[in-house]
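A closer look at the structure
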Amino acid sequence: MHVGVLALQGDVIEHRRVLDALGAHPLEVRTAADLERVDGLIIPGGESTTIGKLMVKYGLDLAVPERARAGMPVYGTCAGMILLARTVRGGEPPLLRLMDITVVRNAYGRQVDSFEADLDVPALGPPPMRAVFIRAPVLEAAGPGVEVLASLDGRPVLVREGHLLASSFHPELVPDDRVHRLFLEMIRASARRGEGLPGSRRE
Amino acid sequence: MADVGTVKLKRGLAQMLKGGVIMDVTTAEQAKIAEDAGACAVMALERVPADIRAEGGVARMADPLKVKEIMEAVTIPVMAKVRIGHFVEAQVLEALGIDFIDESEVLTPADERYHINKHLFKVPFVCGCRDLGEALRRIGEGAAMIRTKGEAGTGNVVEAVRHMRAVMDGIRQLQATPEEELMTVAKELGAPYELVLETRTLGRLPVVNFSAGGIATPADAALMMQLGADGNFVGSGIFKSKDPAKRARAIVEATTHYNDPDVIARVSEGIGEPMKGLDVRKLAEGELLQTRGW
């Protein structure tokens, strides 16, 4: 299984490190051609405005939705969640529009308001996760097809919609790989269904 | 039990900036140009280093009004500089809600012996260094991010290269050093033993390390990435060039695709004159900014 990490800007190596430790063969994705070789894609934390502009420049704003609509699992953390959202408030307009969620940029505040907290994720079981929120977007609304996997103070922070996953926090910054394991399971399930081609045929 | 201002949060923001370009800006309009070009953050300044160098006088923290205008103009993080040791300028910027503080040799130092105790702040700090010892001293004081100094405002990449190589060589030497020699190495580096040990184990600095001070072209930006930088600060190089928006976009692309010469060639085409630049060897000792910091 080859899991792509979108490597245009952001905390790429942190995701790579988790995937490596889980034996998932991470590949850095910078172009549409790179995308052909992966079975799933992580859009990392970083600056959504920067990543979005570079995606457009290299045709990934079209290539990623095309693969995702064919069933390729995608997981977005923080900036990645903003890029996956159908509706975005504050700053640049939405880009990939793949998930039925509304997010608001930097709505938890500026860097001095960034925080970490213990987060119960029922789907992952105990103990709680240490969740790190850095200039995080607020997930303001989620459509009926969106499953809320975890909430903090009444706001969803980890959501799944079919083969798409998004979190407003950064599991890649803590030594707890449960969210990445969940995403790998989603990729395996997609491969079993024969979706997410062309990458998944090789194994 | 939410915690704020932790080491993880401060270093974490720097981790999110990796692979990106942080651009010096002096107005809200420039900040918008930088954001539109794909900057991952902007540095709010009164004057860019080339002008500080040309005009002389005491260079201080920017006017809070200017900083606020820039913060309102963009959604990307906003950084601002304080003088070395000037912890009240840092308190002011923290009160404004700035995202990152640069305790910078580009401004006139306020203290010629001590840097700011950066552990006391919720907001993260970035500091300059010329070698591994200086980097680890700053991290010991609480810096959440490091940048190699280069020589700001020259448009000449030679010092940036020298300092990045010095840091990388320092790390490579540590990795070849047996553990029983590390205390003596720490003494010679003038750096905390624990950070020396951690750097040796990680094979890199414990925090993100950007390049700075003289980057003027897309090829300069890619050079610094290939030498091991996690990203680039570009100061005078953008807004002192003929076509800032074009050059800014090209430097962003070259930083992302630093290992792809075809991309670097393409983005370097026809982007107008770079800033003129200075021969660092012709600068008098007193004109060097990089020697500030202790």
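Now for a description of the structure that goes with this document. This is a predicted model, so every value here is computed, not measured.

**Quick word on the overall build of chain A**
Each helix and strand in chain A was counted, giving six helices and twelve strands. Whereas a compact globule of 203 residues would reach a radius of gyration of roughly 17 Å, chain A reaches 15 Å, a difference of no more than 12%. When the 203 residues of chain A are sorted by exposure, 62% land in the buried category. In chain A, of all internal contacts separated by at least 6 residues, the share reaching a separation of at least 24 is 66%. Accessible area for chain A stands at about 7400 Å²; split by element, carbon and sulfur atoms hold 51% of it.

**Regarding unusual backbone geometry**
Negative phi values dominate among residues other than glycine, just as trans dominates among peptide bonds. Residues and elements named next belong to chain A. Between Pro-126 and Pro-127 the backbone carries a cis peptide bond, its omega angle lying at -10 degrees. Turning to its location among the elements, Pro-127 is positioned in the loop between β7 (115–119) and β8 (129–133). Backbone geometry at Arg-135 places phi at a positive 45 degrees, although glycine is not the residue there. Counting through the fold element by element, Arg-135 comes out in the loop between β8 and β9 (138–142). For Arg-135, a relative accessible area of 5% gives the class buried. With phi around 50 degrees, Asp-153 is a residue other than glycine that occupies positive phi space. Within the secondary structure, Asp-153 is located in the loop between β10 (147–152) and β11 (155–161). Classification of Asp-153 by relative accessible area gives exposed; the value is 75%.

**Quick word on the sheet that holds strand β4 (residues 78–83) of chain B**
Residue and element names in this part refer to chain B. Spatially, β8-β7-β6-β5-β4-β3-β2-β9 is the arrangement adopted by the eight strands of the open sheet, whose pairing is parallel. Of all the strands in the sheet, the pair left with one neighbour each is β8 (208–210) and β9 (232–234). Taking the axes of each pair of neighbouring strands and ignoring which way they run, one obtains an average angle of 30 degrees across the sheet. Contacting β6 (125–129) and β7 (145–148), helix α6 (residues 132–140) crosses the sheet at an angle of about 160 degrees to β6.

**A few points about the interface of chain B and chain A**
Chain B puts 43 residues into the contact, and the matching count from chain A is 39 residues. Carbon and sulfur atoms supply 55% of the area that chain B and chain A bury against each other, a total of about 3200 Å² over both sides. Along the contact surface separating chain B from chain A lie five salt bridges. Asp99(B) is the partner of Arg110(A) in a salt bridge, and the nearest nitrogen-oxygen pair spans 2.7 Å. At the level of secondary structure, the elements contributing two or more residues to the side of chain B that touches chain A comprise β1 (3–4), α1 (7–17), α2 (28–37), α12 (244–256) and α13 (261–268) of chain B. It is α1(B) that contributes the most residues to the side of chain B that touches chain A, eight residues altogether. Classifying every residue of the side of chain B that touches chain A gives 19 nonpolar, eleven polar and 13 charged. Taken together, the two bridges between β7(A) and β1(B) define a ladder with antiparallel strand orientation. Following the sheet pairing, Phe115(A) is matched in β1(B) by Val4(B).

**A look at the packing of aromatic side chains**
Residue and element names in this part refer to chain A. Tallied over the entire structure, the rule returns seven aromatic pairs over all chains. Measuring from ring centre to ring centre gives 5.7 Å for Tyr-75 and Phe-183, while their planes differ by 45 degrees; the resulting arrangement is tilted. Remark: Phe-183 occurs in helix α6 (residues 178–192) and Tyr-75 occurs in strand β4 (residues 74–77); sequence separation between them is 108 residues. Taking relative accessible area as the criterion, Phe-183 reaches 1% and is therefore assigned buried. A centroid spacing of 4.6 Å and a plane angle of 10 degrees characterise the contact between Phe-115 and Phe-133, whose relative ring orientation is stacked. In this pair, Phe-115 sits in strand β7 while Phe-133 sits in strand β8, placing the two residues 18 residues apart along the sequence. Of the residues examined, Phe-115 reaches a relative accessible area of 12% and is grouped as buried.

**Thoughts on the packing of helix α7 (residues 158–175) of chain B against helix α9 (residues 193–202) of chain B**
Residue and element names in this part refer to chain B. Look at α7 against α9: their axes get within 9 Å of each other, and the N-to-C directions meet at 85 degrees. As the angle between them shows, α7 and α9 are arranged roughly perpendicular. Within the contact between the two elements, α7 uses Ile-171, Leu-174 and Gln-175 and α9 uses Val-196, Thr-199 and Arg-200. When the residues that make up the contact of α7 with α9 are grouped by side-chain class, the tally is three nonpolar, two polar and one charged.

**Some details on a negative patch on the surface**
Residues and elements named next belong to chain B. Taken together, the side chains of Glu-29, Asp-63, Glu-69 and Glu-72 define an acidic patch exposed on the protein surface. On the secondary structure map, Glu-72 appears in helix α4 (residues 64–73). According to the relative accessible area criterion, Glu-72 is exposed, its value standing at 71%.

Basis of the calculations
- Residues numbered from 1 in each chain as written.
- Chains lettered and ligands numbered in written order.
- Predicted model: local features only at pLDDT ≥ 70, side-chain atom pairs only at ≥ 80, totals over all residues.
- Heavy atoms only, no water.
- Helix = DSSP H or I, 4+ residues; strand = E, 2+ residues; numbered from the N terminus.
- Rg over C-alpha atoms; globule rule 2.2 N^0.38 Å.
- Buried < 20%, exposed > 50% of the residue type's maximum accessible area, 1.4 Å probe, protein only.
- Contact = heavy atoms within 4.5 Å.
- Areas by Shrake-Rupley, 256 points an atom, 1.4 Å probe, with all protein chains shown as cover.
- Pairing = 2+ DSSP bridges.
- Axes fitted to C-alpha atoms, helices over the stretch in contact; angles between N-to-C directions.
- Buried area = accessible area lost by both parts, 1.4 Å probe.
- Salt bridge = Lys/Arg side-chain N within 4 Å of Asp/Glu carboxyl O.
- Nonpolar A, V, L, I, M, F, W, Y, C, P; charged D, E, K, R; others polar.
- Phe/Tyr/Trp six-rings, centres within 6.5 Å; stacked < 30°, edge-to-face > 60°.
- Parallel < 35°, antiparallel > 145°, perpendicular 65-115°, else oblique.
- Patch = residues over 30% accessible without salt bridge, like charges linked within 9 Å, V, L, I, M, F, W, Y side chains within 5 Å.
- Lys, Arg positive; Asp, Glu negative; His and termini not counted.
- Charge placed at Lys NZ, Arg CZ, Asp CG, Glu CD.

Worth remembering: the numbers are spatial, not functional.
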